[in-house]
Amino acid sequence: MGIFEKFKNGFKKSAEAFSSGLKEIVIKKEINDEILNQVEDYLISSDVGTVAASEIKEIISKKKIDPNKEIASEINLILKGYIIDLMQPLEKRNFFEKKDHLNVILISGVNGVGKTTTIGKLSKIFKEKDNKVMLAASDTFRAAAIEQLDNWAKKINVEILKSSQGSDPASVAYKAVEQSKNNNFNQTIIDTAGRLQNKKNLMEEYKKIANVVKKVEGDAPHEVILVLDATSGQNVINQVEEFNKIIPVTGLVMTKLDGTAKGGILLAVSKKFKLPIIALGLGEKEDDLQIFDSEKFAEAFTNNK
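Cut-off values and rules
- Residues numbered from 1 in each chain as written.
- Predicted model: local features only at pLDDT ≥ 70, side-chain atom pairs only at ≥ 80, totals over all residues.
- Heavy atoms only, no water.
- Pairing = 2+ DSSP bridges.
- Helix = DSSP H or I, 4+ residues; strand = E, 2+ residues; numbered from the N terminus.
- Axes fitted to C-alpha atoms, helices over the stretch in contact; angles between N-to-C directions.
- Contact = heavy atoms within 4.5 Å.
- Core = buried A, V, L, I, M, F, W, Y, C linked by side-chain atoms within 4.5 Å.
- Buried < 20%, exposed > 50% of the residue type's maximum accessible area, 1.4 Å probe, protein only.
- Salt bridge = Lys/Arg side-chain N within 4 Å of Asp/Glu carboxyl O.
- Lys, Arg positive; Asp, Glu negative; His and termini not counted.
- Right-handed = clockwise from strand over helix to strand, strands pointing away.

Colleague: Please set out the sheet that holds strand β1 (residues 103-108) residue by residue, giving values where relevant.
Modeller: By way of backbone hydrogen bonds, the strands of a sheet pair with one another, either parallel or antiparallel. Strands sit in the order β3-β2-β4-β1-β5-β6-β7-β8 across an open sheet of 8 strands; the sheet is mixed. Two strands in the sheet have a free side with no partner beyond their single neighbour: β3 (159-161) and β8 (289-291). Here the average twist between neighbouring strands, direction ignored, is 25 degrees. For strand β7 (residues 277-281) and β8, the ladder comprises 3 bridges, and the chain directions are antiparallel. What sits directly across from Ala279, in β8, is Ile291. The sheet strands contacting helix α11 (residues 265-273) are β6 (251-255) and β7, and the helix crosses β6 at an angle near 170 degrees.

Colleague: Tell me what's going on with the nonpolar core, and back it up with residues and numbers.
Modeller: In this structure, Phe11, Val39, Leu135, Ile190, Met254, Leu280 and Phe297 are the most contacted members of the largest nonpolar core, which totals 103 residues. The element that contributes the greatest number of residues to this core is helix α5 (residues 71-87), accounting for 10 residues. Dropping the residues within four chain positions of it, Leu280 is found in contact with Phe7, Phe11, Met254, Leu257, Leu266, Asp288, Leu289, Gln290, Phe292 and Phe297.

Colleague: Describe the pattern of salt bridges, naming the residues involved and giving the relevant values.
Modeller: Within this structure, the stated rule accounts for 22 salt bridges. We note a salt bridge from Asp150 to Lys154, for which the minimum N-O separation is 3.4 Å. One end of the pair is Asp150 and the other is Lys154, both in helix α7 (residues 143-156) and 4 residues apart, which spans about a single turn. In this structure Asp150 comes out as buried when scored by relative accessible area, which is 10%. For Lys154, a relative accessible area of 60% translates into the label exposed. Across the pair Lys208 and Asp168 runs a salt bridge, and its minimum N-O distance is 3.5 Å. Taken together, the residues Lys208 in helix α9 (residues 200-213) and Asp168 in the loop between β3 and α8 (169-182) connect sequence positions 40 residues apart. By relative accessible area, Asp168 is classed as partly exposed at 34%.

Colleague: How would you summarise the side chain of Lys115 if you had to cite specific residues and measurements?
Modeller: Inspection of the secondary structure assignment puts Lys115 in helix α6 (residues 115-128). Here Lys115 sits buried without a salt bridge, and the closest side chain of opposite charge, Asp191, lies 4.8 Å off (N-O distance). Not counting the four nearest positions on each side in its chain, Lys115 is found in contact with Ile107, Ser108, Gly109, Val110, Asp191, Thr192, Ala193, Gly194 and Val227.

Colleague: Before we move on, could you go through the pairing of strand β5 (residues 223-229) and cite the residues and values that matter?
Modeller: In terms of burial, β5 is largely enclosed, as 7 of its 7 residues are buried. Both β1 and β5 contribute to a ladder of 4 bridges, which runs parallel. When the bridges of β5 are listed, Ile105 appears paired with Glu223. Of the pairings in the sheet, the one linking β5 to β6 comprises 5 bridges and is parallel in character. Looking across to β6, one finds that Asp229 is bridged to Thr255. As for the winding sense of the linkage, the β-α-β connection from β5 through helix α10 (residues 235-246) to β6 is right-handed.

Colleague: Describe unusual backbone geometry, and please don't skip the residues or the numbers.
Modeller: Residue Pro221 is reached from Ala220 by a cis peptide bond, and omega for that bond is -10 degrees. Turning to its location among the elements, Pro221 is positioned in the loop between α9 and β5. Although it is not a glycine, Asp47 sits at a positive phi angle of roughly 75 degrees. Position of Asp47 among the secondary structure elements: in the loop between α3 (33-45) and α4 (50-62). Residue classification places Asp47 among the buried residues on the basis of a relative accessible area of 10%.

Here you go:
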């Protein structure tokens, strides 16, 4: 299955809900203020955010739409162009390329977003790009997280450094980075405990991990990737804000986009934060983490072929 087909399948719920919703609104052959307001409201209800919805409304109002064409389809084309203009600068395709030096990646996110699974899928892509990968099981808060990451390491045949439940997470990260540096690894990916913003001790551990790895590699972590769950809707905005306050986020992975009809949340996040989008989770299989491509995303989300 090609990348477009995977995007299209992954966004099936969002695309179908969005297209059918637009068609219900735009049943006339002309765009007037009432229709524009309804389109804007619908965009907001689809989680694209108030700013993006207002901008799209403005673009539609200024564009001369041929009354002989299907209005909803023309609006979809406008939306597709808007998405590409917004998101193309956020692509970071060189993220997975083989590095000639050690690259330390800190993975963060709240409980339940699919962090550990995402690490496994990211590692698989890294390995396919000829990287030598080390995983650090620094989510020592849950024994299940250590076991899950260990299973991924075995499945895709990469190295892992782990300890027992309750061990110091920063110590695990330190040893993993040290071992990676001494053995010419390209990528070290550090798992962290899923943490809510009100759990101060977990947040302190998170900061400690970032500080400790600098003792081995002065400019580490080189990437801080936040994993978000699309089914959480507008709550992901708050998550980006809170995590960014602690350690500046350098990129995003959004998971479970295949499980929601409101994939528009990715537009809202892109518009507000302008953070690079590394990959999207579009299914349950190990190959269902797709490197982000703005054009393919736009085509799939707007149901354009």
